Structure formats: C-alpha cells, structure tokens
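Breakdown of the fold
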Amino acid sequence: AALFAAVLTSPISIDINAQAPNSATAGIVDVSIHKSQAMALTENQQFVSDVWWAVTTQYFDPSFSGLGEEGWRAKKKDAVAAVADLGPEDEEEVAEAIKTMLS
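These remarks concern the structure in this document. Per chain, the residues get numbers from 1 upward, laid out in the order the sequence is written. Owing to the predicted nature of the model, reporting of local features is limited to residues with pLDDT of at least 70; listing and counting of side-chain atom pairs is limited to 80 or more, with chain, interface and lining totals taken over all residues. Computation of side-chain values: all heavy atoms of the structure, hydrogens and water removed.

**With respect to unusual backbone geometry**
Test applied: A run of H or I in DSSP counts as a helix once it spans at least four residues, and a run of E counts as a strand once it spans at least two, with each numbered from the N terminus. Between buried and exposed lies partly exposed: a residue is buried under 20% and exposed over 50% of the maximum accessible area for its type, with that area taken using a 1.4 Å probe on protein chains only.
With a phi close to 55 degrees, F64 is a non-glycine residue in the positive phi region. In this fold, F64 is placed in the loop between α1 (43–58) and α2 (68–82). On the basis of relative accessible area, F64 is assigned to the partly exposed category, the value being 25%. Backbone geometry at S65 places phi at a positive 55 degrees, although glycine is not the residue there. The residue S65 is located in the loop between α1 and α2 in this model. Its relative accessible area of 55% is what places S65 among the exposed residues.

**Considering the packing of α2 against helix α3 (residues 91–102)**
Which entries qualify depends on this criterion: Note on method: axes are straight lines fitted to C-alpha atoms, helices fitted across the in-contact stretch only, with angles between N-to-C directions ranging 0 to 180 degrees. Here is the rule for angles: anything less than 35 degrees is roughly parallel, anything more than 145 is roughly antiparallel, 65 through 115 is roughly perpendicular, and the remaining ranges are oblique. Take the far helix as your reference; a near helix turned counterclockwise from it by less than a right angle gives a left-handed crossing, and one turned clockwise gives a right-handed crossing. In this analysis, two residues are considered to be in contact whenever any of their non-hydrogen atoms come within 4.5 Å of each other.
Between α2 and α3, the least distance of the axes is 9 Å, while the angle of their chain directions is 170 degrees. Comparing the axis directions of α2 and α3 gives the class roughly antiparallel. The two elements α2 and α3 meet at a crossing, and its hand is right-handed. Here α2 contributes W72, K75, K76, A79 and A82 to the contact with α3, which in turn contributes A97, T100, M101 and L102.

**A look at the nonpolar core**
Just so we agree on the cut-off: Note on terminology: a nonpolar core comprises buried Ala, Val, Leu, Ile, Met, Phe, Trp, Tyr and Cys residues joined through side-chain atoms within 4.5 Å.
One finds V48, V51, W52, W72, A79, V80, V83, V94, A97, I98 and M101 forming the largest nonpolar core, which totals eleven residues. Secondary structure elements with two or more residues in this core: α1, α2 and α3. By residue number, the principal contributor to this core is α3, which donates four residues. The contacts of A97, once residues within four sequence positions are left out, are A79, A82 and V83.

**Some words on the layout of surface pockets**
We apply this condition: For cavity detection a 1 Å grid was placed over the protein atoms alone, and a set of points counts as a cavity when a 1.4 Å probe fits there but cannot get out; an open set counts as a pocket when protein lies on both sides within 12 Å along at least five of seven lines, with lining residues being those that have an atom within 4 Å of a point. Grid points are joined across faces, edges and corners, and a volume is the space filled by probe spheres set on the points. For this classification, the nonpolar set comprises Ala, Val, Leu, Ile, Met, Phe, Trp, Tyr, Cys and Pro, the charged set comprises Asp, Glu, Lys and Arg, and every other residue, Gly included, is treated as polar.
Here the largest pocket defines a volume of roughly 260 Å³. For the largest pocket, the lining is made up of 13 residues, of which V55, Y59, F64, S65 and W72 are closest to its centre. Going through the elements one at a time, α1 and α3 are the ones with two or more residues in the lining of the largest pocket. Split into classes, the residues belonging to the lining of the largest pocket amount to nine nonpolar, three polar and one charged.

**Description of the environment of I98**
Note that I98 resides in helix α3. Between the alpha carbons of I98 and V51 there is a distance of 7.8 Å; along the sequence they are 47 residues apart. Among all residues touching I98, those that are not within four sequence positions of it are F47, V48 and V51.

**Points about the pattern of salt bridges**
What counts here: When a carboxyl oxygen of Asp or Glu lies within 4 Å of a side-chain nitrogen of Lys or Arg, that pair is called a salt bridge.
Under the criterion given, the structure shown has one salt bridge. For E69, the salt bridge goes to R73, with nearest N and O atoms at 2.9 Å. With E69 and R73 both in helix α2 and four residues apart, this pair spans about one turn of that helix. Accessibility expressed as a relative area gives 42% for E69, which makes it partly exposed.

Okay, structure coming up:
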C-alpha cells in the first residue's frame, strides 16, 4: 500500500510507502521527499480563490450557470492565472479578472 502526501503551499512532495504485513520486508517504511511543481499562491491569487469559494458555497446552481462543474472550475483556474503576476497596486486588474470569472 502506498500513501502520498503533498504540501500544496510549499514546493515539496512526500511519498510514504509501507510494506505489506505479510511480506519479507514487513514493518519497513520508505519515505522520500521530492521537489514539487506546487507553489504558494500570491495574495491576489488567494483573493480570487477565496471569492470563487464564497460564490461556490453560497450560490447553488446545479448547472453552474450552464458551465457545468468542470467549466466553473476552469473559470477559477483562468482567473487565478490572470492575476499571477499582478501586484498590490493592480486592484483594477484583479477586480476585472474576478468579474470575468463571475460572468
């Protein structure tokens, strides 16, 4: 059996493999740490994600405004990517990305 854990806000992943109880190597646990592609979100990306989550939890539409769940998630992904390189002074661009996500 294998157990995989990843810390999404840091650039590492941790693999934990425990041997089956009836194998010759029972009780041995192999732990390895690898550099991951996951990176911390910027403040603007986190804000977009928080807005998306608030809308998702407070507004119920089983069709996700005709987008389907995958389409709604894609809107979030696009908006988060759109604000990745924006700084704190780029409030209008962040607001525009959010408006686009919600439209």
